[in-house]
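Coordinate analysis (summary)
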Amino acid sequence: MTDPNSDKLWYQPDLDVFLNRWFANYEEARQALESGGGFLLPYRKHFFVCEADVIQALGLEPEDPDWERIGRDGAQPKDQDAYQRLRDKRVRVVLQAATERISS
């Protein structure tokens, strides 16, 4: 994925090695987040709840306080400023990976 404005920002192909919980609607994903913990992220028109190792695989820190500020919910974050900071970090990771692929 090289388009940081894409609806695929929060997922990448190598994440299929992780056991994520997938949902067709937000309400079910939110309920899974509340009952089982993790991180709720959007992907196209779907949602998935993942664990900290997926956040690390995305190039982010699961301990970043902004995750708590957004309620660990990237689909309907509680704090838009915190979400924007996380999104900006993810965009930097995506762009850096794209640059490295081009360079090699």
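Everything that follows concerns the structure shown earlier in this document.
Description of the structure in this document.

Parameters at a glance
Every chain begins its residue count from 1, and numbering advances along the sequence as written. A pLDDT threshold of at least 70 governs which residues receive local features in this predicted model, and a stricter bar of 80 or more applies before side-chain atom pairs are shown or counted, although totals over entire chains, interfaces and linings include all residues. Side-chain figures throughout are based on the complete set of non-hydrogen atoms in the structure, without hydrogens or water. A side-chain nitrogen of Lys or Arg and a carboxyl oxygen of Asp or Glu constitute a salt bridge if their distance falls within 4 Å. Helix numbering and strand numbering both begin at the N terminus, where a helix is a DSSP run of H or I of at least 4 residues and a strand a DSSP run of E of at least 2. To sort residues, take the accessible area from a 1.4 Å probe on protein chains only and compare it with the maximum for the residue type: under 20% means buried, over 50% means exposed, and anything in between is partly exposed. Whether two residues are in contact is decided by their heavy atoms: any pair within 4.5 Å suffices. When DSSP finds two or more bridges between a pair of strands, those strands are recorded as paired. A fitted line through C-alpha atoms represents every axis, and for helices the fit uses only the stretch in contact; the resulting angles, taken between N-to-C directions, go from 0 to 180 degrees.

**So, the pattern of salt bridges**
For the coordinates displayed, the defined rule picks out seven salt bridges. For Arg30, the salt bridge goes to Asp73, with nearest N and O atoms at 3.0 Å. Residue Arg30 is located in helix H1 (residues 26-36), and its partner Asp73 is located in the loop between helix H3 (65-69) and helix H4 (80-103); the two are separated by 43 residues in the primary sequence. Just as Arg30 is buried, Asp73 falls in that class too. In this structure, the salt-bridge partner of Glu68 is Arg72, at a minimum N-O distance of 2.8 Å. Members of the salt-bridge network, linked through shared partners, are Arg30, Glu34 and Asp73.

**As for the environment of Leu60**
For Leu60, the position within the fold is in the loop between helix H2 (52-57) and H3. Using a relative accessible area of 6% as the deciding quantity, one classes Leu60 as buried. For the pair Leu60 and Val93, spaced 33 residues apart in sequence, the C-alpha separation works out to 8.2 Å. With sequence-adjacent residues up to four places away left out, Leu60 is seen in contact with Trp10, Ile55, Trp67, Leu86, Lys89 and Arg90.

**Looking at the sheet that holds strand S2 (residues 39-43)**
Overall, antiparallel pairing links the three strands, which are arranged S1-S3-S2 in an open sheet. Strands at the two margins of the open sheet, each flanked by one partner only, are strand S1 (21-23) and S2. Strand after strand, the sheet turns through a mean of 25 degrees between neighbouring axes, direction not considered. Inspection of the sheet shows S1 paired to strand S3 (residues 46-50) by three bridges, in the antiparallel sense. Of the residues in S3, the one forming a bridge with Arg21 is Val49.

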